[in-house]
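Examination of the molecular architecture
Spelled out from the first residue to the last, the chains are:
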Amino acid sequence: MSDGSPVVELLGIRKSFGDLVVNDGVDLALVTGEVHALLGENGAGKTTLMRILYGLTRPDAGTIRIAGSPVEISSPRVAIASGIGMVTQHFSLVSTMTVTENLVLSSVGLGPVDLEAARAQVRATADRLGVPIDPDAKVGSLSIGEQQRVEILKALSHECRVLIMDEPTAVLVPQDVELLFATIRRLTDEGLGVLFISHKLHEVTAISHRVSVLRRGRIVDTVAAAGIEPRELATLMVGTPTVGVTRADRGSFVGSQNAEPGPASLEINDLTVARRGARPALDSISLVVRPGEIVGLAGVSGNGQRPLVDVLSGMTRPTSGSVRVRGTDVTGATPHAILAAGLGRIPEDRHGSIVADLSVEQNLVLEDIEAFRRGPFLDRRRIRAHARDVIERFDIKAAPGDPVGALSGGNMQKVLLARVLVRDPTAIVVAQPTRGLDVGAAGYVHRQLLERRRLGAGILLVSEDLEELLALADRLLVIFDGRIVGGLPTAEATPERLGLLMSGEAA
Amino acid sequence: MRLVLRGHEPRWLAPVLVLLAAVITFVLTAGPIRAAGASPVAAYQRYLLTPLTSFRSFSEVLLASTPLLFTGLAVALAFRTGFFNIGAEGQFLAGAVAATWVGIGVPDLPGPVAIPLVIAAGALAGALWVAIPAVLRVRYGIDEVVTTLLLNPVALLVVQGLLNGPWRNPVSQFPESAEIGSGFIFPTVIPGTRVHLGFVLAIGLAVVVWLVVGRTGTGLRMRAVGLAPTAARFNGVPVERTLLGTALASGAIAGIGGVSQVAGLQHQLTGEISPGFGYTGIVVATLAALTPIGVILVSLLLATIQVGAESASRVLQLPPQMGQVVTATFLLVTVGILVLRRYRIRIRRPSRTSEVPS
């Protein structure tokens with residue numbers, strides 16, 4: 001249990017990239033046996049701080065003390081030797097190797113390898129975690145939750161006193177989150193300190209002992225987690241009391257989904273995308289989005305969401321099936337034709353949909369260049385005026401001439417959103433619209449989508465964020481392994497029911 | 001000493017860096033120049049100043065810059081769109097062959113017909129020479145760097161084959177073609193010099209490229225394709241068509257360069273029609289940061305050094321290749337130093353004990 005002595009202390013950590021100060025004199029202490037959550041908007045400096053602690057980034061100034069004595073962590077090797085382990089969102093596992101082989105990989109020297117001893121170590125550590133792990137399973141055949149356990153195992157295979165977890169729940173289904181939390185509790189009971197980074201406020205309050213809130217590179221407060229409300233943490237994060245759109249806010253937008261009898265905003269019939277030598281990426285997907293309706297598509301990432309959005313965006317040709325926007329057939333059409341049919345697209349990969357090195361104003365007209373011509377040339381005055389207008393309407397913090405790549409995630413997403421909305425789309429497909437956004441920007445995106453719903457657009461919302469789906473969608477569909485495995489009105493959706501569908505166990 | 005990512009690039013930075021590159025180039029080449037028995041200061045005076053001091057030598061600079069303008073422009077345009085055309089040399093030769101074919105085939109055409117015809121023929125030949133790699137890239141994703149490069153020696157062999165075979169000079173029996181018809185010969189544009197129509201044509205093309213890339217929707221599409229092809233496609237830009245169109249335009253410009261060299265200067269095809277103008281075009285485009293105005297400036301600079309090197313070899317007995325040494329050093333230093341546009345150097349070591357008394 002916690003004996004109250006700090007195992008890691010960060011003192012006056014300062015780091016800047018170019019003109020941007022990311023960590024501005026951060027002090028943070030992690031006590032043995034505690035889960036210390038690090039909370040902050042995107043760009044607040046959480047990840048940089050953790051990278052500094054793990055030796056991936058060198059601080060400009062400041063001291064790191066481990067068990068009371070200063071240590072210069074110049075590389076991950078030093079960090080590991082000092083008892084620091086890290087589990088990131090993106091696993092560093094070789095999927096064609098077994099669990100044991102992956103474990104040995106990080107410490108293998110020249111000469112023969114004792115796989116038997118390693119296997120025994122895997123079993124022992126798995127017992128310690130309280131989860132079953134088959135040492136000989138190929139990592140590629142494991143679920144995401146299991147792979148994460150292997151990552152944790154890997155971190156623990158070295159003498160580890162501190163475990164950094166960077167948004168560990170982002171990729172998990174609810175059941176796996178519960179398991180992860182149980183594992184974390186077991187480890188802290190043994191005296192391990194856990195630094196837990198997350199965007200999800202209710203998880204932070206559920207698992208941690210103390211919460212430190214970062215804002216603009218500074219720790220604004222460190223509070224005990226017991227009894228604190230998510231709303232209070234959100235207040236600390238953004239400085240003003242805003243929590244994203246809640247169910248109650250949503251009620252103020254009067255939906256019109258039953259009013260219009262005409263063609264559906266978006267109608268997908270038997271859509272299939274085959275893959276060579278594998279199950280189809282999409283397997284006979286059918287769904288209808290009516291005007292004035294938000295349909296949420298829930299599911300764990302990698303179950304066909306990306307191919308679906310790619311087909312709707314015009315980036316992939318489906319093998320069979322059809323897509324209609326307001327009655328217009330756009331199956332296998334070019335992005336240009338799809339845009340003309342009135343479908344707005346906001347995919348999850350922002351860098352695949354805007355040109356980062358072009359300016360805000362150029363990106364805003366790229367979909368519709370012909371409309372901004374004067375004779376053979378671009379009408380630069382009108383492009384500039386258009387950009388100014390959009391920037392003001394959507395409250396984008398940028399100048400028209402700024403390269404989009406220099407904007408923060410939130411402002412970049414606003415540019416994308418604005419570009420779609422200024423065309424008054426009759427249907428919108430939007431994927432993970434608030435991933436990586438801070439609470440303020442996420443709330444803004446949600447309000448804009450609800451406003452469009454009020455105006456009669458049909459919206460297909462693809463998201464892994466249950467809170468977001470529950471707050472926005474009129475009804476939910478669940479995708480698993482390329483198929484729609486269930487649907488239900490949002491009012492009847494509980495995390496348990498959805499989790500069951502999302503894990504494919506209720507098919 | 002460490003490199004630190006820069007937030008914003010100040011406006012003054014690029015010119016200052018180029019100037020710095022010039023100084024470093026001078027320092028680095030001073031040794032070889034001295035070893036060759038000349039004073040570096042005198043040599044540089046010859047390289048950079050002497051050619052600009054007399055009307056005659058300045059006109060020679062304009063003449064020498066002409067083929068570099070064409071190939072530099074061709075490469076810059078293609079690179080801008082993400083089509084890595086290393087084959088300007090081959091396209092240049094294709095244009096030269098086409099010009100010769102027309103010029104000795106119908107030698108009696110009058111100028112007003114002949115000159116547009118020979119330009120069109122060269123442009124077409126250059127475009128055709130790049131068409132194969134371009135189609136292979138767009139349809140099958142075959143790397144154009146390799147295919148355009150490998151077609152360069154093919155073009156050179158075609159030239160040599162023609163000159164040693166059907167086009168061998170009937171009078172001298174040398175491997176060089178007969179003279180093209182007098183109607184095809186580009187007029188001089190500055191009386192009393194050898195500066196010909198090709199130079200004006202090249203400047204005109206530079207202006208056109210600048211307008212198209214910077215001011216039209218097509219240019220915006222081209223830049224989008226060059227910077228982020230996936231995002232460009234997402235935005236409804238026809239990526240393949242844009243790539244194909246740019247590649248053909250690039251080949252056509254290089255081809256006109258070949259025409260200009262035949263019709264403007266040599267008036268016949270020889271085996272030495274191009275001492276690597278296509279390859280130097282890559283140097284020009286790179287130093288020019290792929291901008292048309294940059295291509296003009298860099299072409300003039302390299303031409304100045306080239307003319308100056310001839311004078312330096314006459315007066316200072318420096319080997320004429322020293323000019324190329326200077327140019328090459330300048331290229332390497334510039335490319336190396338341009339990293340500072342994105343990073344800055346921090347000399348101070350990251351202090352371990354930074355207890356700042358507050």
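Residues numbered from 1 in each chain as written. Chains lettered and ligands numbered in written order. Predicted model: local features only at pLDDT ≥ 70, side-chain atom pairs only at ≥ 80, totals over all residues. Heavy atoms only, no water.

Details of the overall build of chain B
- Counting its regular elements, chain B contains 13 helices and two strands.
- For 358 residues, the compact-globule estimate of 2.2 N^0.38 gives 21 Å, and chain B sits close to it at 23 Å.
- Its C-alpha atoms give chain B principal-axis dimensions of about 90 × 60 × 35 Å.
- Here chain B holds 358 residues, and 50% of them are scored as buried.
- Here the analysis covers contacts within chain B between residues at least 6 apart in sequence; of these, 78% occur between residues at least 24 apart. (Helix = DSSP H or I, 4+ residues; strand = E, 2+ residues; numbered from the N terminus. Rg over C-alpha atoms; globule rule 2.2 N^0.38 Å. Buried < 20%, exposed > 50% of the residue type's maximum accessible area, 1.4 Å probe, protein only. Contact = heavy atoms within 4.5 Å.)

A word on the overall build of chain A
- Helix and strand counts for chain A come out as 17 helices and 22 strands.
- Dimensions of chain A, computed from the C-alpha atoms along their principal axes, are close to 70 × 50 × 50 Å.
- Split into buried and exposed, the 507 residues of chain A put 53% on the buried side.
- Look at the contacts in chain A between residues 6 or more apart in sequence, and 68% of them connect residues 24 or more apart.
- As displayed, chain A offers around 21,100 Å² of accessible surface, 51% of which is attributable to carbon and sulfur atoms.
- Positive and negative charge centroids in chain A, built from 54 and 60 side chains respectively, lie 6 Å apart. (Areas by Shrake-Rupley, 256 points an atom, 1.4 Å probe, with all protein chains shown as cover. Lys, Arg positive; Asp, Glu negative; His and termini not counted. Charge placed at Lys NZ, Arg CZ, Asp CG, Glu CD.)

Concerning unusual backbone geometry
- Phi is positive for Arg-326 of chain A, close to 50°, though the residue is something other than glycine.
- In this fold, Arg-326 of chain A is placed in the loop between β14 (320-325) and β15 (328-329).
- We note that Leu-290 of chain B has phi near 65°; this positive angle belongs to a residue other than glycine.
- Mapping Leu-290 of chain B onto the fold places it in the loop between α11 (277-287) and α12 (292-315).
- Among the residues examined, Leu-290 of chain B registers a relative accessible area of 21% and is labelled partly exposed.

Quick notes on the packing of aromatic side chains
Residues and elements named next belong to chain B.
- Taken as a whole and judged by the stated rule, the model has five aromatic pairs over all chains.
- Judged by centre distance (5.8 Å) and plane angle (85°), the ring pair of Tyr-44 and Tyr-47 falls under edge-to-face. Remark: Tyr-47 and Tyr-44 occur in helix α2 (residues 40-53); sequence separation between them is three residues, near one turn of the helix.
- Classification of Tyr-44 as buried rests on a relative accessible area of 11%.
- An aromatic cluster is present here, built from Phe-26, Tyr-44 and Tyr-47 joined pairwise through their rings. (Phe/Tyr/Trp six-rings, centres within 6.5 Å; stacked < 30°, edge-to-face > 60°.)

A closer look at the sheet that holds strand β6 (residues 84-87) of chain A
Residues and elements named next belong to chain A.
- Pairing in this open sheet of six strands is mixed, and the strands run β6-β7-β8-β3-β9-β10 from one edge to the other. Strands at the two margins of the open sheet, each flanked by one partner only, are β6 and β10 (218-224). Direction aside, the axes of adjacent strands within the sheet are offset by 20° on average.
- In this structure, strand β3 (residues 35-40) lies alongside strand β8 (residues 193-197), joined through four bridges in parallel fashion. Looking at β8, one finds that Leu-38 is bridged to Ile-197. (Pairing = 2+ DSSP bridges. Axes fitted to C-alpha atoms, helices over the stretch in contact; angles between N-to-C directions.)

Brief notes about the sheet that holds strand β16 (residues 343-346) of chain A
Residue and element names in this part refer to chain A.
- The six strands are arranged β16-β19-β20-β13-β21-β22 in an open sheet whose pairing can be described as mixed. Every interior strand has two partners, whereas the edge strands, β16 and β22 (483-489), have only one. Pairwise comparison of adjacent strand axes, ignoring direction, gives a mean angle of 15° for this sheet.
- Note that strand β13 (residues 294-298) and strand β20 (residues 458-462) share four bridges and pair parallel. Residue pairing across strands places Val-295 opposite Leu-460, the latter belonging to β20.
- The strands touched by helix α14 (residues 409-421) within the sheet are β16 and β19 (427-431), with β16 carrying the most contacts at an inclination of about 175°.

Structural notes on the environment of Arg-373 of chain A
Residues and elements named next belong to chain A.
- Structurally, Arg-373 can be placed in strand β17 (residues 373-374).
- Between the alpha carbons of Arg-373 and Ile-383 there is a distance of 9.3 Å; along the sequence they are 10 residues apart.
- Discounting residues that sit within four places of it in the chain, Arg-373 has contacts with Leu-378, Asp-379 and Arg-382.
- For Arg-373, the side chain forms a polar contact with the side chain of Glu-370, separated by 3.0 Å.
- Side-chain polar atoms of Arg-373 contact the backbone oxygen of Gly-375, separated by 3.4 Å. (Polar contact = N/O pair within 3.5 Å; in protein donor to acceptor, adjacent residues only side chain to side chain.)

Some details on the confidence of the model for chain A
Residues and elements named next belong to chain A.
- Per-residue pLDDT for chain A has a mean of 85; in total, 90% of the residues score no lower than 70.
- When pLDDT is averaged over each element of chain A, β20 comes out on top at 96 and helix α9 (residues 247-250) at the bottom at 50.
- Per-residue pLDDT stays below 50 along residues 240-245; that stretch engages in 17 contacts with residues further than four places along the chain or on separate chains.
- Counting interchain partners and residues more than four positions distant, the pLDDT-below-50 stretch residues 251-259 has 17 contacts. (pLDDT = per-residue confidence, 0-100.)

Here we look at the environment of Ile-256 of chain B
Residues and elements named next belong to chain B.
- Checked against the element boundaries, Ile-256 lands in helix α10 (residues 239-266).
- The exposure class of Ile-256 is buried, given its relative accessible area of 10%.
- Each C-alpha atom, one on Ile-256 and one on Pro-238, is 27 Å from the other, the two residues being 18 residues apart in sequence.
- In contact with Ile-256, other than residues within four places in its own chain, are Phe-70, Ile-119, Gly-122, Ala-123, Leu-201 and Leu-205.

Some remarks on the pairing of strand β4 (residues 61-66) of chain A
All names here are of chain A.
- With five of six residues buried, β4 is to be regarded as a mostly interior element.
- Summarising the sheet, β4 and strand β5 (residues 69-70) pair through two bridges and their orientation is antiparallel. The partner of Arg-65 across the bridge, within β5, is Pro-70.

Some remarks on the pattern of salt bridges
- Under the definition given, this model contains 27 salt bridges over all chains.
- Across the salt bridge formed by Glu-367 of chain A and Arg-419 of chain A, the nearest N and O atoms sit 3.6 Å from each other. Taken together, the positions of Glu-367 of chain A in the loop between α12 (360-365) and β17 and Arg-419 of chain A in helix α14 put the pair 52 residues apart, joining distant regions of the chain.
- Between Arg-233 of chain B and Glu-240 of chain B there is a salt bridge; the shortest N-O distance is 2.7 Å.
- Residue class for Arg-233 of chain B comes out partly exposed when judged on its relative accessible area of 30%.
- With relative accessibility at 34%, the residue Glu-240 of chain B sits in the partly exposed group.
- Linked through salt bridges whose partners overlap, the residues forming this network are Arg-345, Glu-367, Arg-419 and Arg-423 of chain A. (Salt bridge = Lys/Arg side-chain N within 4 Å of Asp/Glu carboxyl O.)

Thoughts on the side chain of Ser-212 of chain A
All names here are of chain A.
- Assignment of secondary structure puts Ser-212 in strand β9 (residues 210-215).
- Within polar-contact distance, the side chain of Ser-212 engages the side chain of His-36 at 2.6 Å.
- The contact partners of Ser-212, leaving out residues within four places of it in the chain, are Leu-28, His-36, Ala-37, Leu-38, Leu-39, Ile-219, Asp-221 and Thr-222.

Describing the environment of Leu-498 of chain A
Residue and element names in this part refer to chain A.
- With respect to the secondary-structure elements, Leu-498 resides in helix α17 (residues 495-502).
- In this structure the C-alpha to C-alpha distance between Leu-498 and Gly-486, which are 12 residues apart in sequence, comes to 9.1 Å.
- If sequence neighbours within four positions are ignored, Leu-498 has contacts with Leu-466, Leu-470, Leu-476, Val-478, Leu-488 and Ala-493.

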